[in-house]
Protein chains: 2
Amino acid sequence: MKVNIGKKILIANEEWAFKNSRLFAEQKNLCLNMISSPGSGKTTILVRTITELKDKIKIGVIEGDIQTNIDAEKIGATEAPVVQINTNGACHLLAAQVNGALENLPVGDLGLIFIENVGNLVCPSAFQLGEAGKIVVLSVAEGDDKPAKYPAIFAKSKAMLINKTDLLDAVGQVDFNIERAKADAYKLNKDIKIFPISAKTGEGMANWYDWLVESVKNL
Amino acid sequence: MKVNIGKKILIANEEWAFKNSRLFAEQKNLCLNMISSPGSGKTTILVRTITELKDKIKIGVIEGDIQTNIDAEKIGATEAPVVQINTNGACHLLAAQVNGALENLPVGDLGLIFIENVGNLVCPSAFQLGEAGKIVVLSVAEGDDKPAKYPAIFAKSKAMLINKTDLLDAVGQVDFNIERAKADAYKLNKDIKIFPISAKTGEGMANWYDWLVESVKNL
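Residues numbered from 1 in each chain as written. Chains lettered and ligands numbered in written order. Predicted model: local features only at pLDDT ≥ 70, side-chain atom pairs only at ≥ 80, totals over all residues. Heavy atoms only, no water.

Attention now moves to the packing of helix α2 (residues 42-52) of chain A against helix α9 (residues 205-217) of chain A. All names here are of chain A. Their axes nearest at 11 Å, the elements α2 and α9 cross at an angle of 65°. In terms of their interaxial angle, α2 and α9 are classed as roughly perpendicular. Here α2 and α9 pass one another in a crossing that is right-handed. Contacts between α2 and α9 involve Ile 45, Arg 48, Thr 49 and Glu 52 from the first element and Met 205, Trp 208, Tyr 209 and Leu 212 from the second. Residues belonging to the contact of α2 with α9 are distributed by class as follows: five nonpolar, one polar and two charged. (Axes fitted to C-alpha atoms, helices over the stretch in contact; angles between N-to-C directions. Helix = DSSP H or I, 4+ residues; strand = E, 2+ residues; numbered from the N terminus. Parallel < 35°, antiparallel > 145°, perpendicular 65-115°, else oblique. Left-handed = near helix turned anticlockwise from the far one by under 90°. Contact = heavy atoms within 4.5 Å. Nonpolar A, V, L, I, M, F, W, Y, C, P; charged D, E, K, R; others polar.)

Moving on: the pattern of salt bridges. Overall, the coordinates contain 22 salt bridges over all chains when judged by the stated rule. Note that Asp71(A) is salt-bridged to Lys149(B), the shortest N-O span being 2.6 Å. Within this pair, whereas Asp71(A) is found in helix α3 (residues 70-76), its partner Lys149(B) is found in helix α5 (residues 146-149), the two belonging to separate chains. Overall, the relative accessible area of 1% leaves Asp71(A) in the buried class. Where Arg48(B) meets Glu52(B), a salt bridge forms, and the shortest distance between an N and an O atom there is 3.3 Å. Pair noted here: Arg48(B) and Glu52(B) are both in helix α2 (residues 42-52), with a separation of four residues, about one helical turn. Judged by relative accessible area, which is 22%, Arg48(B) ranks as partly exposed. In the salt-bridge network here, residues are joined through shared partners; they are Asp144(A), Arg180(A), Asp184(A) and Lys187(A). (Salt bridge = Lys/Arg side-chain N within 4 Å of Asp/Glu carboxyl O. Buried < 20%, exposed > 50% of the residue type's maximum accessible area, 1.4 Å probe, protein only.)

What follows covers the interface of chain B and chain A. In this assembly, 39 residues from chain B lie in contact with 39 residues from chain A. Together, Pro38(B), Lys149(B) and Gln173(B) form the three largest contributors to the area buried by chain B at its contact with chain A, with a combined 21%. The interface formed by chain B and chain A contains eight salt bridges. Note that Lys200(B) and Asp175(A) form a salt bridge whose closest N and O atoms lie 3.9 Å from each other. Run the count over chain B and chain A and you get nine residue pairs in polar contact (both at pLDDT 80 or more). For the side of chain B that touches chain A, the secondary-structure elements that each account for two or more residues are α3 (70-76), α5 and α7 (166-169) of chain B. A breakdown of the residues in the side of chain B that touches chain A according to their chemical character gives 18 nonpolar, nine polar and 12 charged. (Buried area = accessible area lost by both parts, 1.4 Å probe. Polar contact = N/O pair within 3.5 Å; in protein donor to acceptor, adjacent residues only side chain to side chain.)

Rendered as structure tokens:
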């Protein structure tokens, strides 16, 4: 007998993901699953987005981390509702964990729920959580070759945030060709929305906010 | 019947890792397994290290990537022997893949073999490849909270390279407290060697080279 445990885990995960997506539909929540390498700036993007959109969209956050609640504390400082999941070593979130976290979020009050996945550009892309879309974040410090080298998540994402563009301003500080990264991402996914931003300075964030507001409206 | 496939995969991997480590012992190769997030600068570190140590140590490289041979081409430009492994989606290298790559490296001529693992701060730390030690690379652009948030690889590494210190020079450009990152790493691993470096400018690289030369000598 050959038991393909990997496939079994994925099927069970898809069932939980389906339950979550049904809940989001009932409650009229737009759920976005943010995926990136560690340190690309997901939490900083969320803190700024929550703060600057607070009069337009009520946002809640599910924080996925291997250890610590450092990120949940940063989100909590904005007064947005947040639930921390610690995976204790696992490299991605599972839909069942998200389902548990949703019990502790005021889903009926929220227009938008961000899931900040574990920092990992590879594994989280294979696990549906019930989200309406994935958002991939790439910091310019990571290099413009990442869409070509880690294609799965770029192929599957609704939007791509190219973060830390402030590091490009100091000439020669970071070598990153935005046009190359865009071209490689479009090759994988012709419909992907691409937003170059600096969550630190605020540059480019308005386009991202417009897209979020529009996406919530069109739900 | 409960089949724990995860454990089975690890056991088979450890057998291959043992074969590799025996080969390294016979051939007197120091093998180091480099692990980091995507874009922390592993390839740039290797290119500079190979070039600047070329009169002291003969270095070979095994490149692990999900897709592309971008990194192997950069290493190949130094004229060091290099073998590319594409994992086609998998998030880490396996010892059996390394064993296959070793057949295409002139192991008898090499003092030092670097394995550049797939860019992922989580999964590769769980898979022994037969190496004498792991090297974790953290770029200052990723933030100083990463040892606390991704503890496993910092607990298991012989050395930690804190790369892109040139980004700290432009005041306010990147917020990274080297002392905090060091303290968190030492909490997990009191014996870890820590080298703040810039593979771009060369700052701090001499200490890393001294440690490599000493480690090869003490093999």
